[in-house]
Amino acid sequence: MILENDSFRHKGLRARLVKELEAKGVASAEVLEAIGKVPRHLFLDSSFVKFAYRDMAFPIGAGQTISQPSTVAQQSTLLNVKAGDRVLEVGTGSGYQAAVLCEMGINLFSIERQPDLYNKCKRLLPSLGYSRVRFYLGDGYEGLPDLAPFDGIVVTAGAAAIPQKLLLQIKIGGYMVVPVGARVQTMTRIKRISEDEFEKEAFGECAFVPMLSGVAWNK
Ligand code: SAH
């Protein structure tokens, strides 16, 4: 994809970010390659653009944040999905995680509860050539039962407890990656073993904005 507003400087900074993530232990070649392609500076508010290729989270409006690249890399790796798989993302936010999964060849279904962010991503991603993603305005706690099961589910907001309805939307053998906890969360991965058996693993602490119920209709 050729973007007019993606300069050599941006490409250079992005290559450096990929090296930094590699040094921090990100091992998946597919994930690193995808992060090397996504123009993260186009997903940030203009005031933060010059920091776009630092491994940091930033505000994106509506009180929300764009996830840190190393967190996006961790969640994308833990999902254990491959090109052609169907994935559900809860918390579209800036759309950056969605773009990374699109670059990995994933067919993505992404839900957001904030109308402003939903509307922005619905325009932004197709304009950047990301057409493998469908956006939904809704409550991620409900998931998308009509489109389930998914090969993987990634929740990009902190859930106080494991979202029960989402468990039943994972394909048997697939994973859900979800930060679980109140103020600080544990990066948690759940594998669906059978119709009603699940296996849980923990991958360290993280800090996400909270996963909230219902759509945030503008007052
Ligand atoms: N994946 C995003 C991270 C955004 S932060 C990115 O790459 O930028 C988390 C997002 O989850 C916020 O936009 C927030 O509004 C959204 N969110 C929180 N609870 C939700 C819910 N129940 N359903 C859908 N989205 C939710």
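Conventions and cut-offs
The residue numbers shown here count from 1 along each chain, following its written sequence. The predicted origin of the model limits local features to residues at a pLDDT of at least 70 and limits the giving and counting of side-chain atom pairs to 80 or more, whereas totals for whole chains, interfaces and linings rest on all residues. Where side-chain values are given, they derive from all heavy atoms of the structure, hydrogens and water being excluded. Space inside and on the surface of the protein is sampled on a 1 Å grid over the protein atoms alone, with a cavity defined as a set of points where a 1.4 Å probe fits but cannot get out and a pocket as an open set with protein on both sides within 12 Å along at least 5 of 7 lines; lining residues have an atom within 4 Å of a point. Grid points are joined across faces, edges and corners, and a volume is the space filled by probe spheres set on the points. Secondary structure is summarised from DSSP: a helix means a run of H or I of at least four residues, a strand means a run of E of at least two, and numbering begins at the N terminus for each. Charged means Asp, Glu, Lys or Arg here, nonpolar means Ala, Val, Leu, Ile, Met, Phe, Trp, Tyr, Cys or Pro, and polar covers whatever is left, Gly included. Being near a molecule or strand, for a residue, comes down to having at least one heavy atom within 4 Å of it. Here a polar contact is taken to be a pair of N or O atoms separated by no more than 3.5 Å, where protein atoms must pair a possible hydrogen donor with a possible acceptor and residues adjacent in sequence count only if both atoms sit in side chains. Here the Shrake-Rupley method, with its probe set to 1.4 Å, supplies the accessible areas, and only the displayed protein chains count as covering residues. To be counted as sitting in a cavity or pocket, a molecule needs more than half of its atoms within 2 Å of that site's grid points. What we call a nonpolar core is a set of buried Ala, Val, Leu, Ile, Met, Phe, Trp, Tyr and Cys residues that are connected through their side-chain atoms within 4.5 Å. Each residue is assigned to one of three classes by its accessible area relative to the maximum for its type, calculated with a 1.4 Å probe on protein chains only: buried under 20%, partly exposed between the two thresholds, exposed over 50%. Two residues form a contact once any of their heavy atoms are found within 4.5 Å.

(A) Quick look at empty space enclosed by the protein. One pass over the structure, following the stated rule, counts one cavity of 30 Å³ or more. Approximately 50 Å³ is the volume attributed to the largest cavity. Along the walls of the largest cavity sit Leu42, Phe43, Ile60, Gly93, Ser94, Leu117, Lys120 and Leu124, which together make up its complete lining. A total of three residues in the lining of the largest cavity trace back to one element, the largest contributor, which is helix α5 (residues 115–127). Grouping the constituent residues of the lining of the largest cavity by class yields five nonpolar, two polar and one charged.

(B) Quick look at the site of the ligand. Within the structure, the ligand sits among 27 residues, and Gly91, Ser94, Glu112, Gly140 and Leu212 are positioned closest to it. Measuring from a nitrogen atom of the ligand, one finds a side-chain N or O atom of Glu89 at 3.1 Å. Between the ligand and the protein, one listed contact pairs a nitrogen atom with a backbone N or O atom of Leu212 at 2.6 Å. About the coverage of the ligand: the protein hides 99% of its 580 Å² of free accessible area. The cavity that encloses the ligand is the largest pocket. Looking at the shell around the ligand, the elements with two or more residues in it are β2 (64–66), β3 (86–90), α4 (96–103) and β4 (107–112).

(C) Quick look at the nonpolar core. Counting 45 residues, the largest nonpolar core has Ile35, Phe43, Val87, Tyr96, Val100, Leu101 and Leu125 as its most contacted members. Of all the elements in the fold, those that place two or more residues in this core are α1 (8–23), α2 (29–35), β1 (58–61), α3 (69–79), α4, α5 and β5 (133–137). It is α4 that provides the largest number of residues to this core, a total of six residues. Among all residues touching Leu101, those that are not within four sequence positions of it are Ser76, Leu79, Val87, Ile106, Leu108 and Val154. Grouped together as the second largest cluster of nonpolar side chains are 18 residues, Leu144, Phe150, Val180 and Ile190 included.

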